[in-house]
Amino acid sequence: MYKDFKTRIKVKAEMEDAFAAFINPFTIELWSGYPAVMSSEAGSEFSLWEGDIVGRVLEVEEEKKIVQEWYFGEQDEPSIATIKFFPQGGGKVQIDLLHTNIPEEAYDDIVEGWNDYYLGAIKTFLEVE
């Protein structure tokens, strides 16, 4: 069984900084505290948190959308994370996440990871005054 996770956050940040927090390995390293392998090139492999999260970049639209396939072993349908960015004016960005086909046994950990260690960490990092 597979489940989907959908959420939205708003951050006080410029669009370029919000986008970089997801795609620039140096910026990812700053907010996560771990070396990151990430590229904006479609087809490239990525690795975060010393290999705890691995996958492949499927599509990148600069400052608009990132689509990634996350690897969870041998599953029939790929697990896809789609991250969309929407300017809100006044130095704010809305970030929508849809992560589909998450294996049921990994769902709670993935949701906690997105909320606390990924999106939560990015929001904290970007909103430092």
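A short tour of the structure in this document, coming up.

What counts as what
- Residues numbered from 1 in each chain as written.
- Predicted model: local features only at pLDDT ≥ 70, side-chain atom pairs only at ≥ 80, totals over all residues.
- Heavy atoms only, no water.
- Helix = DSSP H or I, 4+ residues; strand = E, 2+ residues; numbered from the N terminus.
- Rg over C-alpha atoms; globule rule 2.2 N^0.38 Å.
- Buried < 20%, exposed > 50% of the residue type's maximum accessible area, 1.4 Å probe, protein only.
- Contact = heavy atoms within 4.5 Å.
- 1 Å grid on protein atoms, 1.4 Å probe; cavity = no way out; pocket = protein on both sides within 12 Å on 5 of 7 lines; lining within 4 Å.
- Points joined across faces, edges and corners; volume = space filled by probe spheres on them.
- Nonpolar A, V, L, I, M, F, W, Y, C, P; charged D, E, K, R; others polar.
- Patch = residues over 30% accessible without salt bridge, like charges linked within 9 Å, V, L, I, M, F, W, Y side chains within 5 Å.
- Areas by Shrake-Rupley, 256 points an atom, 1.4 Å probe, with all protein chains shown as cover.
- Salt bridge = Lys/Arg side-chain N within 4 Å of Asp/Glu carboxyl O.
- Lys, Arg positive; Asp, Glu negative; His and termini not counted.
- Charge placed at Lys NZ, Arg CZ, Asp CG, Glu CD.
- Axes fitted to C-alpha atoms, helices over the stretch in contact; angles between N-to-C directions.
- Parallel < 35°, antiparallel > 145°, perpendicular 65-115°, else oblique.
- Left-handed = near helix turned anticlockwise from the far one by under 90°.

## Notes on the overall build of the chain
Broken down by element type, the chain carries three helices and six strands. The N-to-C order of helical and strand elements in the chain reads β-α-α-β-β-β-β-β-α. Over its C-alpha atoms the chain spans a radius of gyration of 14 Å, differing by no more than 12% from the 14 Å that the globule rule assigns to 129 residues. In the chain, buried positions account for 44% of the 129 residues. Look at the contacts in the chain between residues 6 or more apart in sequence, and 48% of them connect residues 24 or more apart.

## A closer look at the layout of surface pockets
Put simply, the largest pocket is a space of about 230 Å³. Lining the largest pocket are Trp49, Asp52, Ile53, Trp70, Asp109, Ile110, Glu112, Gly113, Trp114, Tyr117 and Tyr118. Of all the elements, helix H3 (residues 107-126) adds the most residues to the lining of the largest pocket, at seven residues. Its residues placed into classes, the lining of the largest pocket shows seven nonpolar, one polar and three charged.

## Here we look at a negative patch on the surface
A contiguous patch of negative charge on the surface is contributed by Glu104, Glu105, Asp108, Asp109, Glu112 and Asp116. Within the fold, aspartate 116 resides in helix H3.

## As for the packing of helix H2 (residues 25-32) against H3
Axis separation between H2 and H3 bottoms out at 9 Å; the angle between their running directions is 95 degrees. With respect to each other, H2 and H3 are oriented roughly perpendicular. Of H3, the residues touching H2 (which contributes Thr27, Leu30 and Trp31) are Tyr117, Tyr118, Ala121, Ile122 and Phe125. Taken together, the residues that form the contact of H2 with H3 break down as seven nonpolar, one polar and no charged.

## What to know about unusual backbone geometry
Its identity as a non-glycine residue notwithstanding, glutamate 63 has a phi of 60 degrees, on the positive side. The topology assignment puts glutamate 63 in the loop between strand S3 (53-61) and strand S4 (65-70). Unusually for a residue other than glycine, asparagine 101 sits at a positive phi of about 60 degrees. Counting through the fold element by element, asparagine 101 comes out in strand S6 (residues 92-103). Among the residues examined, asparagine 101 registers a relative accessible area of 21% and is labelled partly exposed.

## With respect to the packing of helix H1 (residues 15-23) against H3
In contact at an axis separation of 11 Å, H1 and H3 are set at 140 degrees when each is read in the N-to-C sense. Relative to H3, H1 is oriented oblique. When you trace H1 past H3, the crossing you get is right-handed. Each of Asp17, Ala18, Ala21 and Phe22 in H1 lies in contact with H3, whose residues at this interface are Tyr118, Leu119, Ile122 and Leu126.

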